[in-house]
Amino acid sequence: MSHLNTYTNQPVIRREQTYVLDRKLVSIHSEDRDVKKWKNSNRFEVRLPEAIKNVQSMRLINISVPNNLYTFTNNYQNIKLTFKITPNNYDVAYNNIQNKLNVNKDNNYTISIDEGVYTNEQMANILTNRMNEAVTTFLKADQSATLGGSAIAVDHDYAYFVVKYNEVKRTFIFGNRFDNFSITCDTKILYDVTDCEQKIVWDQYTKWGLPFYLGFSKSSVSSSALNNASGARLDHETSFWITPAVNTAAANTSVHYLSPPNMSSIYGETDIYLDIDKYNSLSEIAPYAEATNNMYNNDYRGMIKNAFAKIPLKNDGTTLLTNSNNGSLAYMMSHFTTPVESIQKLLFRFRFHDGRLVDFKDTNYNFVIEFNCLLDEPMKQYNLRVPATWTI
């Protein structure tokens with residue numbers, strides 16, 4: 001039998017586990033990466049200045065991105081367009097032009113626009129120039145070895161294509177002052193992509209190439225003829241935007257034109273997604289599903305914890321800035337039920353919703369990550385004596 005007295009009037013005071021929330025901020029610049037290991041700044045890893053322990057939550061505080069993000073780049077696979085020409089009847093003196101074009105009527109001409117950002121007028125101008133240049137280059141090259149004797153070099157500057165932007169309908173109009181033509185949007189164009197991790201976009205329903213941005217679907221569109229000696233004019237304009245060419249056929253009174261079935265959209269993305277490996281909290285729905293009601297082979301796919309932050313882009317004229325002070329990033333926070341014991345490295349990836357990696361063109365950007373850490377706080381009682389000569 002124990003003779004110990006286990007009864008006491010004094011209650012047992014339990015030691016409460018109290019913590020203080022410690023905030024750590026880390027500023028990260030794209031040039032902080034190892035450029036030999038991470039050639040492109042859309043995906044890179046950094047080692048933090050110190051190991052951050054007991055992380056309860058993380059948040060993107062702010063980000064500063066240059067305003068020169070391109071909409072059209074080779075890596076986005078949206079700078080090329082293909083078309084065909086079926087030549088009209090030229091005057092006898094120009095039969096060599098007609099014969100040369102005729103032997104190539106079943107083959108595509110391919111053009112490439114410069115990488116960059118365009119207004120609607122600039123896009124119309126470069127399409128006009130590049131389409132005419134492509135045909136001129138073909139005419140002046142000797143193709144007889146591959147296309148036959150009629151494909152000899154012809155010294156002629158082709159200048160019949162005209163591309164116009166319709167401000168009212170928000171569409172581009174493609175015209176030719178003499179020849180029939182078609183835009184072959186059903187042709188898969190191959191790109192030599194320099195970013196090996198960039199996805200192939202052709203199988204997407206949107207943003208699958210330059211024709212999509214111009215308003216086309218994945219089908220060939222042929223021109224229609226308008227027999228009017230004055231040319232073609234938009235209803236809301238007073239002047240003719242295209243007139244028949246008569247220098248190679250004096251009796252010509254027709255122009256040929258076509259319009260894409262959809263409105264154009266040549267402006268850039270409105271959001272960028274930031275992924276941080278292992279620490280994402282934002283879920284997404286995979287785009288381009290087409291069999292979500294099927295019992296079998298259902299292709300609906302929810303992507304759980306697929307992104308760390310969704311960054312809306314706002315152009316202030318110098319930089320594209322987004323920060324948490326205005327609420328745009330205030331709720332983009334990753335919470336951890338069990339605090340992360342230690343974080344030493346972070347692997348970042350910047351992409352769009354459809355999976356394309358952002359092509360920063362090696363321009364620098366920076367952002368700040370906030371870490372909220374739990375610090376154990378033992379209860380302490382301090383006895384403080386203040387010298388009489390001090391005034392507090």
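Up top is the structure.
Keep in mind that what you see is a predicted model, and the values were worked out from it rather than measured. (Residues numbered from 1 in each chain as written. Predicted model: local features only at pLDDT ≥ 70, side-chain atom pairs only at ≥ 80, totals over all residues. Heavy atoms only, no water.)

Draft legend 1. Representation of the sheet that holds strand β10 (residues 254–258). Strand order in the open sheet formed by four strands is β5-β6-β10-β9, and the pairing between neighbours is antiparallel. Each edge of the sheet is formed by a strand with only one pairing partner; in this case those strands are β5 (161–166) and β9 (224–227). The mean angle between the axes of side-by-side strands here comes to 30°, regardless of whether they run parallel or antiparallel. Where strand β6 (residues 171–176) meets β10, three bridges bridge the pair, whose relative direction is antiparallel. Bridge pairing links Gly-175 to Tyr-257 in β10. Of the strands in this sheet, β5 and β6 touch helix α2 (residues 120–140), which is tilted by about 165° from β5. (Pairing = 2+ DSSP bridges. Helix = DSSP H or I, 4+ residues; strand = E, 2+ residues; numbered from the N terminus. Axes fitted to C-alpha atoms, helices over the stretch in contact; angles between N-to-C directions. Contact = heavy atoms within 4.5 Å.)

Draft legend 2. Region of the structure containing the layout of surface pockets. Size it by volume and the second largest pocket reaches roughly 280 Å³. Lining the second largest pocket we find 14 residues, and of these Asn-166, Lys-169, Ile-173, Leu-234 and Asp-235 sit closest to its centre. (1 Å grid on protein atoms, 1.4 Å probe; cavity = no way out; pocket = protein on both sides within 12 Å on 5 of 7 lines; lining within 4 Å. Points joined across faces, edges and corners; volume = space filled by probe spheres on them.)

Draft legend 3. Highlighting the nonpolar core. Ranked by internal contacts, the top residues of the largest apolar core, which has 46 residues, are Phe-83, Met-123, Leu-127, Phe-174 and Ile-183. Of all the elements in the fold, those that place two or more residues in this core are β3 (80–86), α1 (95–102), β4 (109–112), α2, β5, β6, β7 (180–184) and α4 (210–214). The contacts of Ile-183, once residues within four sequence positions are left out, are Leu-81, Thr-82, Phe-83, Met-131, Phe-174, Phe-216, Ser-219, Ser-220, Val-221 and Leu-258. Among the nonpolar cores identified, the runner-up in size contains 39 residues, and Phe-44, Leu-60, Phe-348 and Phe-352 belong to it. (Core = buried A, V, L, I, M, F, W, Y, C linked by side-chain atoms within 4.5 Å. Buried < 20%, exposed > 50% of the residue type's maximum accessible area, 1.4 Å probe, protein only.)

Draft legend 4. Expanded view of the side chain of Thr-71. Among the structural elements, Thr-71 can be located in the loop between β2 (43–66) and β3. Residue Thr-71 is classed as buried on the basis of its relative accessible area of 9%. For Thr-71, the side chain forms a polar contact with the main-chain nitrogen of Gly-268, separated by 3.4 Å. Excluding anything up to four places from it in sequence, Thr-71 contacts Tyr-76, Asn-78, Gly-116, Val-117, Tyr-213, Ile-266, Tyr-267 and Gly-268. (Polar contact = N/O pair within 3.5 Å; in protein donor to acceptor, adjacent residues only side chain to side chain.)

Draft legend 5. Inspection of α1 at higher detail. Those residues of α1 that fall on the buried side of the exposure criterion are Ile-97, Gln-98, Lys-100 and Leu-101. Down the axis of α1, the smallest arc covering the buried residues is 165°, so these residues share one side. Along its buried surface, α1 packs onto β3, β4 and α2. (Arc of directions from axis to C-beta.)

Draft legend 6. Molecular detail of the packing of aromatic side chains. The final tally for this structure, using the stated rule, is 25 aromatic pairs. Aromatic pair Phe-350 and Tyr-365: ring centres 5.0 Å apart, planes at 75°, arrangement edge-to-face. With a gap of 15 residues between them, Phe-350 in strand β16 (residues 333–351) and Tyr-365 in the loop between β16 and β17 (366–376) connect regions that are remote in the sequence. Phe-350 gets classed as buried once you look at its relative accessible area, which sits at 1%. Judged by its relative accessible area of 1%, Tyr-365 is buried. Summarising the aromatic geometry, the rings of Phe-360 and Tyr-365 are spaced 4.3 Å apart at their centres and angled 25° between planes, so their arrangement reads as stacked. (Phe/Tyr/Trp six-rings, centres within 6.5 Å; stacked < 30°, edge-to-face > 60°.)

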